[in-house]
Amino acid sequence: MTDSAAQRHGGWIPLLFPILVGLAVLASIELTDVMGWLLVQPTALVLSGLILLSVVVLLLSRSVADQADRVAELIGQP
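Keep in mind that what you see is a predicted model, and the values were worked out from it rather than measured.

Caption draft 1: Fine view of the overall build of the chain. Along its length, the chain carries 4 helices and 0 strands. In the chain, the order of α-helices and β-strands from amino to carboxyl end is α-α-α-α. A total of about 5900 Å² of accessible surface is found on the chain, and carbon and sulfur atoms cover 71% of it.

See below:
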């Protein structure tokens, strides 16, 4: 994406923010003992964690779809 296209869509930070959030969540799951800790917690806390992970996945998928639309606009596809 060119700099003018990035400026037209609000800069690079809004484009990268969902990806950075996803990487932070993935790193916290992989590099810490969050999953082991979560498995021994009460049901309400486990469900809250699953809801949080679902929200992150939805945000990342929305970001991917938005970026695909931007790429399609740049290359002239409908």
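From this point, things continue past the structure.
Caption draft 2: Just the UniProt feature "transmembrane region" (unreviewed entry) in the chain, in detail. Listed under "transmembrane region" (unreviewed entry) in the UniProt record, and renumbered for this structure, are residues 12–29 and 35–60. Counted over residues 12–29, helix gives 100% and strand 0%. Its end C-alpha atoms are 26 Å apart. With 88% helix and 0% strand, residues 35–60 has its two end C-alpha atoms placed 21 Å apart.

Caption draft 3: Summary view of helix α2 (residues 12–31). Here α2 spans 27 Å end to end across 20 residues, near enough to the 28 Å set by a 1.5 Å rise per residue. The largest bend in α2 comes to about 30°, at proline 18. Here α2 has its buried residues at Leu15, Pro18 and Gly22. Residues of α2 that are buried in the fold lie against α4 (43–75).

Caption draft 4: Fine view of the packing of α2 against α4. Where α2 contacts α4, the axes come no closer than 9 Å and their chain directions differ by 145°. At the point where α2 passes α4, the crossing takes the left-handed sense. Of the residues in α4, those touching α2 at Leu15, Pro18, Ile19, Gly22, Val25 and Ile29 are Leu53, Val56, Leu59, Leu60, Ser63, Gln67 and Arg70. Taken together, the residues of the contact of α2 with α4 sort by class into 9 nonpolar, 3 polar and 1 charged.

Caption draft 5: Just the side chain of serine 63, in detail. Mapped onto the secondary structure, serine 63 falls in helix α4. According to the relative accessible area criterion, serine 63 is buried, its value standing at 10%. Leaving out residues up to four positions away in the same chain, serine 63 has contacts with Leu15 and Pro18.

Caption draft 6: View of a nonpolar patch on the surface. Judged by side-chain polarity, Trp12, Leu16, Ile19, Leu20, Leu23 and Leu26 come together as a nonpolar surface patch covering roughly 560 Å² of accessible area. Counting through the fold element by element, leucine 23 comes out in helix α2.

Caption draft 7: α4, seen in detail. Taking 1.5 Å as the rise per residue, α4 with 33 residues should run 48 Å; its terminal C-alpha atoms sit 48 Å apart, in good agreement. Those residues of α4 not exposed but buried are Gly49, Val56, Ser63, Arg70 and Ala72. Buried positions along α4 lie against α2. Glycine 76 sits one or two positions beyond α4 and adopts a positive phi of about 85°.

Reading the values: rules and limits
- Residues numbered from 1 in each chain as written.
- Predicted model: local features only at pLDDT ≥ 70, side-chain atom pairs only at ≥ 80, totals over all residues.
- Heavy atoms only, no water.
- Helix = DSSP H or I, 4+ residues; strand = E, 2+ residues; numbered from the N terminus.
- Areas by Shrake-Rupley, 256 points an atom, 1.4 Å probe, with all protein chains shown as cover.
- UniProt positions renumbered as here; feature names shortened; annotations may be inferred.
- Expected span 1.5 Å × (residues − 1).
- Bend = angle between axes of the 7 residues up to and from the residue.
- Buried < 20%, exposed > 50% of the residue type's maximum accessible area, 1.4 Å probe, protein only.
- Contact = heavy atoms within 4.5 Å.
- Axes fitted to C-alpha atoms, helices over the stretch in contact; angles between N-to-C directions.
- Left-handed = near helix turned anticlockwise from the far one by under 90°.
- Nonpolar A, V, L, I, M, F, W, Y, C, P; charged D, E, K, R; others polar.
- Patch = residues over 30% accessible without salt bridge, like charges linked within 9 Å, V, L, I, M, F, W, Y side chains within 5 Å.
- Salt bridge = Lys/Arg side-chain N within 4 Å of Asp/Glu carboxyl O.

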